[in-house]
Amino acid sequence: MARVPSTARPLRVLKNTSGLKAELAHSTEFHKLGLPLLVSQALLRSRGLGQIDLGRMVKDRDGWVVEVAEVKSKNKGILMMGHHQKQRLRYSLKFIAALMGCRGKLVLLSQLDN
């Protein structure tokens, strides 16, 4: 049987694992509510959009809402987030919400959040 080439790139080794630990901790809590969303970072990047850390769909009294969360390992990371990164995340949220046909909400999470 012929080998099928992979389109996935190898993972880069993280210099600082605190961001990954924070993302894993928040993922458990974040995905307890609603429907988890898995969005291809390759799709988002091919459109010049920012990759998302966490995504879910929740229902409120007005219908479905796409929530995209950006996780920072420290509260300072949220304060230091650049304008262009926030803009790419907002565009990603707008794109995903349009695909799903609902409203969108950007959520910023840090290590200090409970």
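Overview of the structure. Please read these numbers as outputs of a predicted model, since none were measured by experiment.

**Observations regarding the nonpolar core**
Within soluble globular proteins, side chains that are nonpolar generally end up buried alongside one another. Ile-52, Val-66, Val-68 and Ile-96 are the most contacted members of the largest nonpolar core, which totals 13 residues. Mapped by element, the contributors of at least two residues to this core are β3 (63-71) and α4 (83-100). Among the elements that make up this core, the one with the highest residue count is α4 (four residues). By size, the runner-up hydrophobic cluster in this structure holds seven residues, among which are Ala-22, Phe-30, Ala-69 and Leu-109.

**Focus: α4**
With 18 residues, α4 ought to run about 26 Å at 1.5 Å a step, and its terminal C-alpha atoms sit 26 Å apart, in line with that. Taken together, the buried positions of α4 are Leu-89, Ser-92, Leu-93, Phe-95, Ile-96 and Ala-97. Against α2 (41-46), β3 and β4 (103-109) lie the buried residues of α4. Among the residues trailing α4, Gly-101 stands out with phi positive, at a value near 70°.

**Quick look at the sheet that holds strand β1 (residues 35-36)**
With mixed pairing, four strands are arranged side by side in an open sheet as β1-β2-β3-β4. The sheet is open, and its two edges are formed by β1 and β4, each paired on a single side. Direction of pairing for β3 relative to β4: parallel, over a ladder of seven bridges. Residue pairing in the sheet places Ala-69 in a bridge with Val-107 of β4. Relative to the sheet, α4 contacts β2 (54-60), β3 and β4, its axis offset from that of β3 by approximately 155°.

About the cut-offs
Numbering of residues begins from 1 in every chain and follows the order in which that chain's sequence is written. Note on the predicted model: pLDDT of at least 70 is required for a residue's local features to be given, and 80 or more for side-chain atom pairs to be given and counted; whole-chain, interface and lining totals, by contrast, use all residues. Side-chain measures were taken over the full set of non-hydrogen atoms in the model, leaving aside hydrogen atoms and water. The set of buried Ala, Val, Leu, Ile, Met, Phe, Trp, Tyr and Cys residues whose side-chain atoms join them within 4.5 Å is what this entry labels a nonpolar core. Only protein chains enter the calculation, and the probe is 1.4 Å; a residue is then buried if its accessible area is under 20% of its type maximum, exposed if over 50%, and partly exposed in between. Helix and strand definitions follow DSSP, with helices as H or I runs of at least four residues and strands as E runs of at least two, each counted in order from the N terminus. Multiplying 1.5 Å by the residue count of a helix minus one yields the expected span of that helix. A contact between two residues is defined here by any heavy atoms of the two lying within 4.5 Å. Whether two strands pair depends on DSSP finding at least two bridges between them. Here an angle of 0 to 180 degrees is reported between the N-to-C directions of two axes, which are lines fitted to C-alpha atoms, with helices fitted over the stretch in contact.

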